Each structure stands twice: as structure tokens, then as C-alpha cells.
Amino acid sequence: MFFKLKRPLPTTIASEQSERSIALQGHRVDYKLVRRRGRRGVGLKVDGTGMTVAVSLSTPMSAVEEMIGKNADWVLKKLDEWSHRRIVPQAWQTGTTIFFMGDGLTLMLDIADDSTRRKPFVESLMGHLFVRGRSAAGTVIEKAVVDWYKKQALPHFAQRAFFFAKLHGLVPPHVFLSSANGRWGSCNARREVRFSWRLIKARPALIDYVVCHELAHLRHMNHSTAFWQEVEHMCSDYRELKAELDAHDHKFRAF
Ligand SMILES: [Zn+2]
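The structure reproduced in this document is the subject of the present report.

Thresholds applied
- Residues numbered from 1 in each chain as written.
- Predicted model: local features only at pLDDT ≥ 70, side-chain atom pairs only at ≥ 80, totals over all residues.
- Pairing = 2+ DSSP bridges.
- Helix = DSSP H or I, 4+ residues; strand = E, 2+ residues; numbered from the N terminus.
- Axes fitted to C-alpha atoms, helices over the stretch in contact; angles between N-to-C directions.
- Contact = placed C-beta atoms within 7 Å.
- Buried ≥ 20, exposed ≤ 12 C-beta atoms within 10 Å, placed from the backbone.

Judged by pairing direction, the sheet is mixed, and its three strands sit side by side in the order β9-β11-β10 without closing on themselves. In this open sheet, the two edge strands, each paired with only one partner strand, are β9 (174–178) and β10 (185–187). The mean inter-strand angle of the sheet, taken between neighbouring strand axes irrespective of direction, is 20°. Across five bridges, β9 lies against strand β11 (residues 192–196) in parallel orientation. Residue Phe176 lies in a different strand from β11, and its bridge partner there is Arg194. On the sheet, helix α3 (residues 138–167) packs against β9 and β11 and is oriented at approximately 145° with respect to β9. Against the sheet, helix α4 (residues 204–219) contacts β10 and β11, and its axis sits at roughly 15° relative to β10.

Taken together, four strands build an open sheet; the order of strands is β1-β2-β4-β3 and the sheet is mixed. The sheet terminates laterally at β1 (15–24) and β3 (43–47), the two strands that pair on one side only. Put simply, the sheet's adjacent strands are angled 25° from each other on average, direction ignored. Two strands pair when backbone bridges link them, and β3 and strand β4 (residues 50–56) are joined in this way by five bridges, in the antiparallel orientation. Along β4, the bridge assignment pairs Leu44 with Val53. Packing of helix α1 (residues 61–70) onto the sheet brings it into contact with β1, β2 (27–36), β3 and β4, and relative to β4 it is tilted by some 135°.

Burial within β11 is extensive, with four of its five residues counted as buried. Examined bridge by bridge, β10 and β11 share three bridges and lie antiparallel to one another. Bridged to Gly185 within β11 is Phe195. Joining the antiparallel neighbours β10 and β11 is a turn of four residues, in which Arg191 adopts a positive phi near 60°.

Spatial relationships are all this shows, so hold off on functional conclusions.
Here's what the structure looks like:
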């Protein structure tokens, strides 16, 4: 990850990151080493992005490797569990497929130095998503595509929330987008419902399940049996849909 620095670097470093690898029981394991000032002990984490090891600025590499070695069984087991649901970072080039409402859109970059457009122009046509502009930089393309996704997401979520609310005798809530990565929806006592814009990558039935889930929270602000009965009343096959979303959601987190 890159950070744009608005101010010059402080003279004392607070944290640093590096890519490392280690051999564990005959497997080469790549990991990210994060050093933070004041961090105590050695922290191991394995998730869809791989292994991350957190230590203090002064922890020697021998101590880091000893700790990983001691936990080799756990590390290899976790990596294996995550291997089929790894989050692969999105490539921003012509021909890559990106998910949109359960379908794949083929990304088409049309980059011209002399383009008169200051901001990239994004348009979907026949299963393709065209991005026209001056810069092919991944960050520029990603921002343009994300803005386009958000523009499609809000009216869709708002329309589905309105539809299901009316159908089930609820006052339609206010619908907002969130950028949460790891939480598809949330709601609060002010009847505001938020959906992650990334949810627009999922097929419509999965979106409807999340919408019904949040609407059911307007009646039950918890995950009680009564809450799940309400979800089932609004969305009878919610169990299958929830399982599908859990099993596939890593695919929706690439960007
Ligand atoms: Zn919930």
C-alpha cells in the first residue's frame, strides 16, 4: 500500500513494512513483516491476503523466525484454509473481468495522451466496461471504476429497500452507501440503512438477501431467533443465499 505524504517524513520512524519469506516444513511461505514502534511480542495473522507478522521496530529477525517456526502447524493449516478464498488484488488492464451484479464485465481501457477529458469517462456496453481517459495508472482507473460502481449501486439498493419495505409494511428507510470492506450492510436506530458499494458486484438475489437482512433489523436490532424468523419471512431461501455470500465474498473484495 502506498501513502501520499502531505508532510515530510518525521525523523523517527513509527512503522515499516517489508516482504519476507521463510521455509516451513518444506514449504516456502511468503509473509508481510510489519514493524511498529511500541509493539510488544510477535503477532501472527493469516487471512485472505496471506500471513502478516507484527513486531516492534527492534525485534531481531531470529526471534521473528523462531516464533513463526514454533507456530508452523497453525500457520500452514490457516494458509491452507484460506488458499481457496484468497483475495487477489485487481489488475487494471484491458481484458480483465470485474464482477458486476453477478456477471463479469470485461474491462476495456481507451487511453489517449491527447484526450480532452480531464477525468476518465466510464461507460458499460454489451458486457464491457469502457474507461476512456489520459492515464492508464491503476489508481486512476480504479477510482473511475469505483465511482461508476457507486453510481449504479445506490439507486439499486434504494429501490430494493423501498420494494421490500413496502411489501412487508415497513416505513422505507434512508439508504446510504458505505465503503466497508468486510461488512455488507448496517443499520441504526435513526432508520438509516447502509450498504457497502461492493455489494453491487454480487448477483441480485444475494443483494436482496442483504437488503432483507438490514430491513429485518428495523424490527429487531439484534440477531435473535425472532430476527432470523423475520429474515426468513422476507427472504425464504436466505440460508442458501447467506451461505453463498459467505463462500464467495472474497471475490467481491479484490477492489
Ligand atoms: Zn445483522
